[in-house]
Amino acid sequence: MAAADWGGKADHLAGERATAQFDVDGMKVAWAGSRHAVEVADRMACLVASDPVFRKDTRTMLSRKELFKDTLKKAAHAWKRTVELHLTEEEANLLRLYIDQPGYVDLHWVMFVPAIKGQGTEEQQKKWLTMAYKFQIIGTYAQTELGHGSNVQGLETTATFDPSTDEFIMHSPTLTSSKWWPGGLGKTSTHAVVYARLITEGKDYGIHGFIMQLRSLDDHSPLPGITIGDIGGKFGSGAYNSMDNGVMRLDHVRIPRDQMLMRLAQVTREGKYVHSDVPKQLLYGTMVYVRQTIVADASRALSRAVCIAVRYGAIRKQFGSKAGGPETQVLNYKTQQSRLFPFLASAYAFRFVGQWLKWLYTDVTQKLESKDFSTLPEAHACTAGLKSVTTSATADAIEECQKLCGGHGYLNSSGLPELFAVNLPACTYEGDNVVLLLQVARFLMKTVSQVASGKQPVGTTAYMGNIQHLMQCKSVVNTVEDWLNPAAIKEVFEARALRMAVNCAQNISKAPSQEEGFSELSPDLVEAAVAHVQLIIVTKFIEKLQEDILGHGVKEQLQKLCGIYALHLIHKHLGDFLSTGCVTARQGSLANERLGKLYAQVRPNAVALVDAFDYTDHYLGSALGRYDGDVYSALYKEAWKDPLNETVVPDGYQEHLRPLLKQQLKLSRL
Ligand SMILES: CCCCCCCC/C=C\CCCCCCCCCCC/C=C/C(=O)SCCNC(=O)CCNC(=O)[C@H](O)C(C)(C)COP(=O)(O)OP(=O)(O)OC[C@H]1O[C@@H](n2cnc3c(N)ncnc32)[C@H](O)[C@@H]1OP(=O)(O)O
Ligand SMILES: Cc1cc2nc3c(=O)[nH]c(=O)nc-3n(C[C@H](O)[C@H](O)[C@H](O)COP(=O)(O)OP(=O)(O)OC[C@H]3O[C@@H](n4cnc5c(N)ncnc54)[C@H](O)[C@@H]3O)c2cc1C
């Protein structure tokens, strides 16, 4: 995007941009995935930024009710624009993305529609998706209950088949079976895919999905037997409070039999339960799909925080030469670089692994269509693990970026508090991160045992097949420069991950039972899972560098960022690398030395590297992260927008402040 599109004002960061040693447009293509992706993203971002309905600069000052209404307005306007402009699915998704306000439409498109696509029969898809695609109905994904979220098999809502009427009776038998959390459920959704225990012929067949109409399509009132509301305010101002996460109780609500999603299993007219030949885990397919999209969200959120902190760090000056010379840009402090540049590298690393994960998901989906279910366990492990590691790292990094921006980072106008509050729940929704890492660990333990019995692992666990070498190899690194070698880096990550997994497997085998061992060792298993996932991220970054990457200096910058990503992990998790004997203390300190050199090389490119994310000022929503770097004017201007500044003398002065001051004055005169 050209500077003029950002307002064409003085560029306080021009000096920083002049020191870049690479082609920023080429980097934009590498980041977005293709020239086409850059072009569409630019067009949609500008469409949103130039439309007054999509303003969000006073969002954190709105009451919950005002914010919710504003979300309804934006969603309706977005749909109107989508129809008027005949936007493609790709364009419409990006439009929603740049509007940047969580709302019911996210659940409708990201969960309700995919759940019906994945679990509905062709006939059911035809009926329900036709209405959903035209927004004649609004849907959500109602799985979690007050008493159970992680343990899906523990859900209590029942769907009891009544053969006398050919209906299911949907019921919440206890307080804890109340549906709790589904986005859009509180006030908006007309329909939902509701997960409930299927009971027929007196037998409980476990959790299945059912399509339910919740509200009247005439006046939006809940249908008989359904009690629905919003679950209340959430963390932070603005942020996820635009979403009406809901609570729902069902009192013997009847739905036709054909509203059970019947791709995985069916109930016949007579009430017989019949299971299809597809694995029952496909019930969890929607979650696999969404976890994959969340990795892309994490890289976006992290890149926004880093963009703000880098640009501000280049503007902000503190302390200077004793002789009264110019003050130092805080970005020049080595401590600032060692805290911030690993996040910059992580943003790129997560972006590339997210692109790969999207490919993996598409590949698995195609295989499933031809009834090849062999890659499902790996897809589950990869989506669960990457969702977990990227969202946890992103939430931590956004919080640290606030600190990196000092006091101004704590202001809502920095954009960081809202960014943190919106992304923090990604560590919990779509599966608590620890629960998901334990799923990865379970997959790893199975793979280790298969390797032990001579089976050759494939895909992201293929490295485990090299067990003879990886269990006893020593890193070849001898000089600082040796840490530039991708093969040397990959080897230590592989050895660390494998040794941690094998240690766990050996310790589990000493326990009285597999289950007890798994439970006792769960903290170690989580660490082994993290090591495996970090290896995937490092590997995919290295593989990205083997592709054709166009643009002067682009590949060189990415090589440096890949080095920073890998070496900062070695530095951070040195305990793992030392205790598993993959690197020595000396090699660890050489890695750290290399890291310092890489930070210095990235420094002149830092602002250009965040420019390559290609974010408009509207999307970034930060006085500190403005493209033109005019930070202080922006902060000053933003302050005056606060409702407290609407009057010079505040409300409450007459009732509370004046009497207090007068009283104290009187007392002092006595
Ligand atoms: C250029 C860029 C363009 C971008 C355009 C993007 C457009 C975006 C537009 C706008 C942006 C808007 C932003 C939207 C962002 C996303 C919105 C996100 C909204 C979030 C809303 C949140 C929703 C939710 O949270 S829904 C509820 C989620 N709940 C959970 O995740 C529950 C977690 N629990 C579980 O998954 C399970 O209970 C469990 C896995 C923990 C345990 O399962 P269980 O059956 O009890 O037990 P287990 O014995 O462990 O497993 C049995 C076997 O099954 C295997 N398995 C488990 N899960 C799966 C699976 N998912 N798939 C495959 N297999 C699975 C498991 O490994 C076992 O196998 P084994 O062989 O027997 O070992
Ligand atoms: C903003 C937001 C939006 C959401 N949207 C939806 C939605 O649209 N639809 C929907 O159905 N749900 C939704 N959810 C619910 C979400 O999916 C659940 O909150 C999530 O799956 C975690 O489950 P839980 O809340 O039961 O946590 P719990 O499982 O109760 O977790 C509590 C703690 O226990 C730990 N723990 C749990 N089990 C284990 C274990 N086996 N081993 C070790 N530790 C364990 C966890 O790590 C965590 O620290 C949403 C949640 C949030 C926060």
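Not measured: the values here are computed from a predicted model.

Caption draft 1: Seen up close, the UniProt feature "active site" (unreviewed entry) in the protein chain. The positions UniProt marks with the feature "active site" (unreviewed entry) are E430. Relative to the elements of secondary structure, E430 occurs in the loop between α11 (416-423) and α12 (433-452). Owing to a relative accessible area of 12%, E430 belongs among the buried residues under this scheme. In contact with E430, not counting residues within four places along its chain, are M111, M287, V290, R291, I294, K387 and L436.

Caption draft 2: Here's a closer look at the UniProt feature "domain: Acyl-CoA oxidase C-terminal" (unreviewed entry) in the protein chain. Feature annotation in UniProt assigns "domain: Acyl-CoA oxidase C-terminal" (unreviewed entry) to the following positions: residues 485-662. As a span, residues 485-662 carries 72% helix and 0% strand, and end to end its C-alpha atoms are 74 Å apart.

Caption draft 3: Up close: the confidence of the model for the protein chain. Confidence in the prediction for the protein chain averages 96 pLDDT; 99% of positions are at 70 or higher. With pLDDT under 50 throughout, residues 1-8 is counted as low confidence; its partners more than four residues away or in other chains account for twelve contacts. Quick note on the complex model: pTM equals 0.97, ipTM equals 0.96.

Caption draft 4: Representation of the site of ligand 2 within the structure. For ligand 2, the set of nearby residues contains 20 residues, the closest of which are Y141, T144, G149, S150 and D432. Within the backbone of G149, one N or O atom sits 3.0 Å away from an oxygen atom of ligand 2. Contact distances for ligand 2 include 2.5 Å between an oxygen atom and a side-chain N or O atom of S150. In isolation ligand 2 exposes 980 Å². Once the protein is present, 63% of that is buried.

Caption draft 5: The packing of aromatic side chains, seen in detail. Applying the stated criterion to the full structure yields 24 aromatic pairs. Ring geometry for W31 against Y348: centres 5.2 Å apart, planes inclined by 75 degrees, an arrangement best described as edge-to-face. Of this pair, W31 sits in helix α2 (residues 24-32) while Y348 sits in helix α9 (residues 334-369), placing them 317 residues apart in sequence. Using a relative accessible area of 3% as the deciding quantity, one classes W31 as buried. We classify Y348 as buried; its relative accessible area is 0%. Ring centres of Y98 and Y619 lie 5.0 Å apart, and the angle between their planes is 85 degrees; on these two criteria the pair is classed as edge-to-face. You can see Y98 sitting in helix α5 (residues 89-99) and its partner Y619 sitting in helix α21 (residues 617-620), a full 521 residues away along the chain.

Caption draft 6: A look at the site of ligand 1. Taken together, the neighbourhood of ligand 1 is formed by 28 residues, with S150, Y284, E430, G431 and K446 sitting nearest. In this structure, S150 approaches ligand 1 through a main-chain N or O atom, which is 2.8 Å from a nitrogen atom. Here an oxygen atom of ligand 1 and a side-chain polar atom of K446 are 2.7 Å apart. When contributions to the shell around ligand 1 are tallied by element, the ones reaching two or more residues are α5, α6 (104-119), α8 (285-315) and α12. Looking at the shell around ligand 1, the element that brings in the most residues is α8, giving five residues. Class assignment for the residues of the shell around ligand 1 results in ten nonpolar, ten polar and eight charged. For the shell around ligand 1, the two domains that each supply at least three residues are domain 1 (137-276) and domain 2 (285-457 + 476-611).

Caption draft 7: Layout of α12. Between its terminal C-alpha atoms α12 stretches 29 Å, which fits the 28 Å expected from 20 residues at 1.5 Å a residue. By the burial criterion, the buried members of α12 are N433, L436, L437, V440, A441, F443, L444, M445, T447, V448 and V451. Each element contacted by the buried residues of α12 is listed here: α8, α10 (376-404), α13 (467-470), α14 (486-510), α15 (514-520) and α16 (522-545). Two to three positions downstream of the cap, the backbone nitrogen of V434 sits 3.0 Å from a side-chain oxygen, assigning the N-cap of α12 to D432. G454 occupies a position one or two residues after α12 and carries a positive phi of about 90 degrees.

Caption draft 8: Quick peek at the pattern of salt bridges. Going through the model one piece at a time under the given rule, you end up with 37 salt bridges. K28 is the salt-bridge partner of D25, the closest N and O atoms lying 3.9 Å from each other. Here K28 and D25 lie together in helix α2, a separation of three residues that amounts to about one turn. Exposure remark for D25: the relative accessible area of 43% places this residue in the partly exposed category. Residue classification places K28 among the buried residues on the basis of a relative accessible area of 9%. Through salt bridges with shared partners, a single ionic network connects K56, R59, D100, R304 and E418.

Caption draft 9: Summary view of the nonpolar core. Within the largest apolar cluster, 170 residues are counted, with the highest numbers of intra-cluster contacts made by L344, Y348, W483, F493 and L558. The element best represented in this core is α9, accounting for 16 residues. In this structure, this core is formed jointly by two domains, domain 1 (137-276) and domain 2 (285-457 + 476-611), each of which donates at least three residues. Leave out the neighbours within four places in its chain, and L344 touches V306, L561, V602, L609, V610 and F613. A159, L185, A196 and M260 belong to the second-largest nonpolar core, a separate cluster that totals 24 residues.

Cut-offs applied
Residues numbered from 1 in each chain as written. Chains lettered and ligands numbered in written order. Predicted model: local features only at pLDDT ≥ 70, side-chain atom pairs only at ≥ 80, totals over all residues. Heavy atoms only, no water. UniProt positions renumbered as here; feature names shortened; annotations may be inferred. Helix = DSSP H or I, 4+ residues; strand = E, 2+ residues; numbered from the N terminus. Buried < 20%, exposed > 50% of the residue type's maximum accessible area, 1.4 Å probe, protein only. Contact = heavy atoms within 4.5 Å. pLDDT = per-residue confidence, 0-100. Near = heavy atom within 4 Å. Polar contact = N/O pair within 3.5 Å; in protein donor to acceptor, adjacent residues only side chain to side chain. Areas by Shrake-Rupley, 256 points an atom, 1.4 Å probe, with all protein chains shown as cover. Phe/Tyr/Trp six-rings, centres within 6.5 Å; stacked < 30°, edge-to-face > 60°. Nonpolar A, V, L, I, M, F, W, Y, C, P; charged D, E, K, R; others polar. Domains from an automatic or database assignment. Expected span 1.5 Å × (residues − 1). Salt bridge = Lys/Arg side-chain N within 4 Å of Asp/Glu carboxyl O. Core = buried A, V, L, I, M, F, W, Y, C linked by side-chain atoms within 4.5 Å.

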